[in-house]
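What follows is each chain in one-letter form.
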Amino acid sequence: QVQLVESGGGLVQSGGSLRLSCAASGRTFSTYTMGWFRRAPGKEREFVAAVNLGTYYADSVKGRFTISRDNAKNTVYLQMNSLKPEDTAVYYCAAKTYLTITVRSGYDYWGQGTQVTVSS
């Protein structure tokens, strides 16, 4: 069982930045595929970014968001720059305990979510 705890959400003005963090349990974190997803009001959950041996991004965030990981701290980050009102959503961290090229779906573990609100 993997536990995920997100932090770093909040309210920011359009054009601003936030950094989300997700701390994971487990002794083999370096082999996890880690992802970020979001759900905006009235919309379905969507893929944002993922990292294992490479990094992967949704087109809507490419060039603005950066995913990274610190294996020594069992933590994955999502640096969000140039935020837009349409980025407003609950952001979820997700994990698979193995490396895979399938990074946009099929996650086994989920965090509780953290709210990001971008005002115009």
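It should be noted that the structure appears before, not after, this text.
Residues numbered from 1 in each chain as written. Predicted model: local features only at pLDDT ≥ 70, side-chain atom pairs only at ≥ 80, totals over all residues. Heavy atoms only, no water.

### A few points about the overall build of the protein
To be explicit about the condition: Only DSSP runs of H or I covering at least 4 residues are called helices, and only runs of E covering at least 2 are called strands; the numbering of each starts at the N terminus. Within these notes, the globule rule equals 2.2 Å times the number of residues to the 0.38 power, and the radius of gyration is based on C-alpha atoms. Accessible area is worked out with a 1.4 Å probe on protein chains only. A residue is then buried under 20% of its type maximum, exposed over 50%, and partly exposed in between. Any two residues whose heavy atoms approach within 4.5 Å are treated as being in contact.
Looking only at helices and strands, the protein has zero helices and 11 strands in total. Secondary structure of the protein in N-to-C order comes out as β-β-β-β-β-β-β-β-β-β-β. Here the C-alpha radius of gyration of the protein, 13 Å, is about what a compact globule of 120 residues would show, namely 14 Å. Projected onto its principal axes, the C-alpha positions of the protein cover 40 × 25 × 25 Å. Counting over 120 residues, the protein shows a buried share of 48%. A sequence separation of at least 24 residues applies to 59% of the contacts in the protein between residues at least 6 apart.

### So, the nonpolar core
Convention followed: What is meant by a nonpolar core is a set of buried Ala, Val, Leu, Ile, Met, Phe, Trp, Tyr and Cys residues, joined one to another through side-chain atoms within 4.5 Å.
Residues Leu4, Met34, Trp36, Leu78, Met80 and Tyr91 are the most contacted members of the largest nonpolar core, which totals 37 residues. At the level of secondary structure, the elements contributing two or more residues to this core comprise β3 (18-24), β4 (33-39), β5 (46-51), β7 (65-70), β8 (75-80), β9 (89-96) and β11 (114-119).

### Observations concerning the side chain of asparagine 52
Put simply, the rule reads: N or O atoms within 3.5 Å of each other form a polar contact, as long as, within protein, one can give a hydrogen and the other can take it, and as long as residues adjacent in sequence are counted only when both atoms are side-chain atoms.
Examined against the element boundaries, asparagine 52 turns out to sit in the loop between β5 and β6 (55-57). For asparagine 52, the side chain forms a polar contact with the side chain of threonine 33, separated by 3.2 Å. Among the polar contacts made by the side chain of asparagine 52, one reaches the side chain of tyrosine 56 at a distance of 3.4 Å.

### So, the packing of aromatic side chains
Rules: Stacked, tilted and edge-to-face pairs are distinguished by plane angle, under 30 degrees for stacked and over 60 for edge-to-face with tilted covering the rest, among Phe, Tyr and Trp rings (Trp via its six-membered ring) whose centres lie within 6.5 Å. Working rule: Lys NZ or Arg CZ, within 6 Å of ring centre, within 35 degrees of ring normal, means a charge sits over the ring.
Evaluated as defined, the whole model comprises five aromatic pairs. Centroid distance phenylalanine 29 to tyrosine 32: 5.6 Å. Interplanar angle 70°. Geometry classified as edge-to-face. With respect to class, phenylalanine 29 is no different from tyrosine 32; both count as buried. With 6.2 Å between their ring centres and 65° between their planes, tyrosine 107 and tryptophan 110 make a pair best called edge-to-face. The partly exposed category is assigned to tryptophan 110, whose relative accessible area is 30%. Here the aromatic cluster, defined as three or more aromatic residues joined through ring pairs, consists of Phe37, Phe47, Tyr107 and Trp110. The positively charged end of arginine 45 is found above the aromatic ring belonging to tryptophan 110, 3.8 Å away from the centroid. Directly above the aromatic system of phenylalanine 29 lies the positively charged group of arginine 69, at a separation of 4.7 Å from the ring centroid.

### Focus: the pattern of salt bridges
A side chain of one charge can pair with a side chain of the opposite charge if their charged atoms are brought near each other. For clarity, the threshold we go by: Salt bridges are defined by distance alone: a side-chain nitrogen of Lys or Arg within 4 Å of a carboxyl oxygen of Asp or Glu.
Counted under the stated rule, the structure contains four salt bridges. Ionic pairing is found between aspartate 87 and arginine 64, a salt bridge with its closest N-O pair at 2.7 Å. On the criterion of sequence distance, the pair formed by aspartate 87 in the loop between β8 and β9 and arginine 64 in the loop between β6 and β7 is long-range, its members being 23 residues apart. Per residue, the accessibility class of aspartate 87 equals that of arginine 64, and both read buried. Sharing partners across several salt bridges, the network here consists of Arg38, Glu46, Arg64 and Asp87.

### A few points about the environment of serine 14
Structurally, serine 14 can be placed in the loop between β2 (10-13) and β3. Sequence separation between serine 14 and aspartate 87 is 73 residues; the distance between their C-alpha atoms is 9.5 Å. Excluding its chain neighbours within four sequence positions, the residues that come into contact with serine 14 are Leu83, Lys84, Pro85, Val118, Ser119 and Ser120.

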